[in-house]
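# A structural walkthrough
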Amino acid sequence: MNFELVIIGSGPAGNTAAIYAARAGIKVLQISGNQLGGQLTSTSEIENFPGVKALPGIALMDVMQEQVKSLGVEIMYDTVVSFKKAEDNFSVLTEYSGEITTKSIIIATGANPRLLRINGEKEFWSKGVSTCATCDGFFCKGKKVLVVGGGNTAVEDALFVSNFAESVTLIHRKDFLRAEKAMQERLFKNPKINVMWNQELVEIKGNADNSRVGAVKIKNNLSNIETELPMDHVFIAIGYVPNSAFCKDFVQCDDDGYIITSDTKTNISGVFAAGDVMDPKYRQAVIAAGNGAIAAIEVQKFLNK
Ligand code: NAP
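Report follows, based on the coordinates. Just so you know, these numbers come straight off a predicted model, no measurement behind them.

A separate point is the sheet that holds strand β15 (residues 213-220). Strand order in the open sheet formed by three strands is β14-β15-β16, with antiparallel pairing between adjacent strands. Single-partner strands in this sheet number two, and they are β14 (199-206) and β16 (226-230). With direction set aside, neighbouring strand axes in the sheet form an average angle of 25 degrees. Strand direction decides the pairing type here: β15 and β16, joined by five bridges, are antiparallel. Each residue of the ladder has a partner; that of Lys219, found in β16, is Glu226.

We now examine the site of the ligand. Inspection of the region around the ligand gives 20 residues, with Asn152, Thr153, Arg178, Tyr282 and Gln284 positioned closest. Burial of the ligand by the protein chains amounts to 84% of its free accessible area of 910 Å². Ranked by residue count, the leading element in the shell around the ligand is helix α4 (residues 152-161), at three residues. Looking at the shell around the ligand, its residues break down into five nonpolar, eight polar and seven charged.

Two quantities define a packed helix pair, namely the angle between the axes and the distance from one axis to the other. Between α4 and helix α5 (residues 181-189), the shortest axis-to-axis distance is 10 Å and the interhelical angle comes to 35 degrees. The handedness of the crossing between α4 and α5 is left-handed. Taken together, the residues of α5 that come into contact with α4 (itself represented by Asn152, Val155, Glu156, Ala158 and Leu159) are Met183, Gln184, Arg186 and Leu187. Within the contact of α4 with α5, the residues separate by chemical class into five nonpolar, two polar and two charged.

To continue, consider the sheet that holds strand β10 (residues 129-130). With respect to topology, five strands assemble into an open sheet ordered β10-β17-β11-β12-β13, the strand pairing being parallel. Of all strands in the sheet, those bounded by a partner on one side alone are β10 and β13 (193-196). Sheet topology note: the strand β11 (residues 144-148)/strand β17 (residues 233-236) ladder contains four bridges and is parallel. Residue pairing in the sheet places Val147 in a bridge with Phe235 of β17.

Turning next to the pattern of salt bridges. Here the structure, examined in full by the defined rule, presents six salt bridges. Measuring nitrogen to oxygen at the nearest pair gives 3.6 Å for the salt bridge that ties Glu166 to Lys144. Here the residue Glu166 occupies a position in the loop between α4 and β12 (167-171), and Lys144 occupies one in strand β11, the gap between them amounting to 22 residues. Among the salt bridges present, the one from Glu203 reaches Lys217, with a minimum N-O distance of 3.7 Å. Taken together, the residues span a long stretch of sequence, with Glu203 in strand β14 and Lys217 in strand β15 at a distance of 14 residues. Overall, Glu203 belongs to the partly exposed group, its relative accessible area being 23%. Given a relative accessible area of 21%, Lys217 falls into the partly exposed group.

What follows concerns a positive patch on the surface. Taken together, Arg114, Arg173, Lys174 and Arg178 make up a surface patch of like positive charges. Position of Arg173 among the secondary structure elements: in the loop between β12 and α5. Look at Arg173 and you get exposed, because its relative accessible area is 55%.

Let's shift gears to the environment of Ala288. Checked against the element boundaries, Ala288 lands in helix α6 (residues 285-303). Beyond its immediate sequence surroundings of up to four residues, Ala288 is in contact with Pro12, Ala13 and Gly275.

Rules used in this analysis
- Think of each chain on its own: its residues are numbered from 1, step by step along the sequence as written.
- Totals for whole chains, interfaces and linings use every residue, but because this is a predicted model, local features are given only for residues with pLDDT of at least 70 and side-chain atom pairs only at 80 or more, for both listing and counting.
- Only hydrogens and water are set aside when side-chain values are computed; all heavy atoms of the structure are taken into account.
- Here, strands pair whenever DSSP counts at least two bridges between them.
- Secondary structure counts use DSSP, requiring at least four H or I residues in a row for a helix and at least two E residues in a row for a strand, with both numbered from the N terminus.
- A fitted line through C-alpha atoms represents every axis, and for helices the fit uses only the stretch in contact; the resulting angles, taken between N-to-C directions, go from 0 to 180 degrees.
- Here a residue is considered near a molecule or strand provided that any single heavy atom belonging to it is located within 4 Å of it.
- Surface accessibility in these figures is a Shrake-Rupley result with a 1.4 Å probe; residues are shielded only by whichever protein chains are displayed.
- Think of it as three bins: nonpolar holds Ala, Val, Leu, Ile, Met, Phe, Trp, Tyr, Cys and Pro, charged holds Asp, Glu, Lys and Arg, and polar takes everything else, Gly as well.
- Each crossing gets its hand from how the near helix is turned against the far one by less than a right angle, where anticlockwise is left-handed and clockwise is right-handed.
- We call two residues in contact whenever any of their non-hydrogen atoms come within 4.5 Å of each other.
- Here a salt bridge means any side-chain nitrogen of Lys or Arg lying within 4 Å of a carboxyl oxygen belonging to Asp or Glu.
- Remark: exposure states derive from per-residue accessible area (1.4 Å probe, protein chains only) relative to the maximum for the residue type, with buried under 20%, exposed over 50%, and partly exposed in between.
- Two joining distances apply to patches: 9 Å for like charges and 5 Å for nonpolar side chains (Val, Leu, Ile, Met, Phe, Trp, Tyr), and every residue must have over 30% relative accessible area and no salt bridge.
- We count Lys and Arg on the positive side and Asp and Glu on the negative side, and we leave His and both chain ends out.
- Charge positions come from single atoms, namely NZ of Lys, CZ of Arg, CG of Asp or CD of Glu.

Right, here's the structure in full:
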């Protein structure tokens, strides 16, 4: 299969790049990745994407995908294992669909939730430990819930889960949150949510028969005092790790794995990156979409279209 452009990823960056590229007459293939629609599909409500007053993340991504399809973009439901330079082209190796030849590539693979790697996290994964409040919040009806983190995701998770839970405890390693002020105000006003400062989660323990989460051990990082709290569910919301492992030996990345770009151009001519995989700072859907548009415009210049 020969294409002028392969876009890897189907979040806001990948979809916007696909829309711009298709409208520029570029022969484009979009490879969706594991999670069609990307991270936004697990975000409850989007209220800061212009043109969309309020919509669940999954609904916004459905609209974007429809727009991409309506422009005739070919979509492959697969993941990319690696790619390499092959004469004037690139050879992209997919997990199930073999090799694809393309003149250019946009990497828009996003990022995945960061984990704590503490005792109990793996053991009780999906048995009370998760990173997706939108997916699992409903199962917290009448439960005691812990949320870890200080960013928008942690605050959004705590607020969402408070609709179901008996109580929500949000712990953060600092004594202030980095979440938006408007969201913080809603958090502090919520009578079900208790915020504990300078606390770190050190262990997740099981219930009586060890089948699910039953308690957590937290530590005050100023006093070193450890406290055990009965707990039924833990949401870990401590940021993201960029999905660049498959290409980090080929394109230049920073120490945290974010692809280094200039106007979305990577160090390899013909390879571009857009969205959360190259943005350690803002990580907003609208910015990812903007980067996707820039990447597609740069691809047009590269292909002399
Ligand atoms: P984030 O903004 O990177 O925040 C991560 C939080 O986790 C920070 O408070 C950080 O602490 C903490 N943290 C990181 N590593 C930790 C560790 N090992 N142990 C304990 N705590 C740790 O990530 P995010 O909240 O997931 O948000 C990601 C991006 O998506 C942001 O740009 C955010 O604005 C955006 N977002 C937007 C919305 C919305 O607008 N509705 C919703 C969700 C996310 P420090 O503060 O100490 O660094």
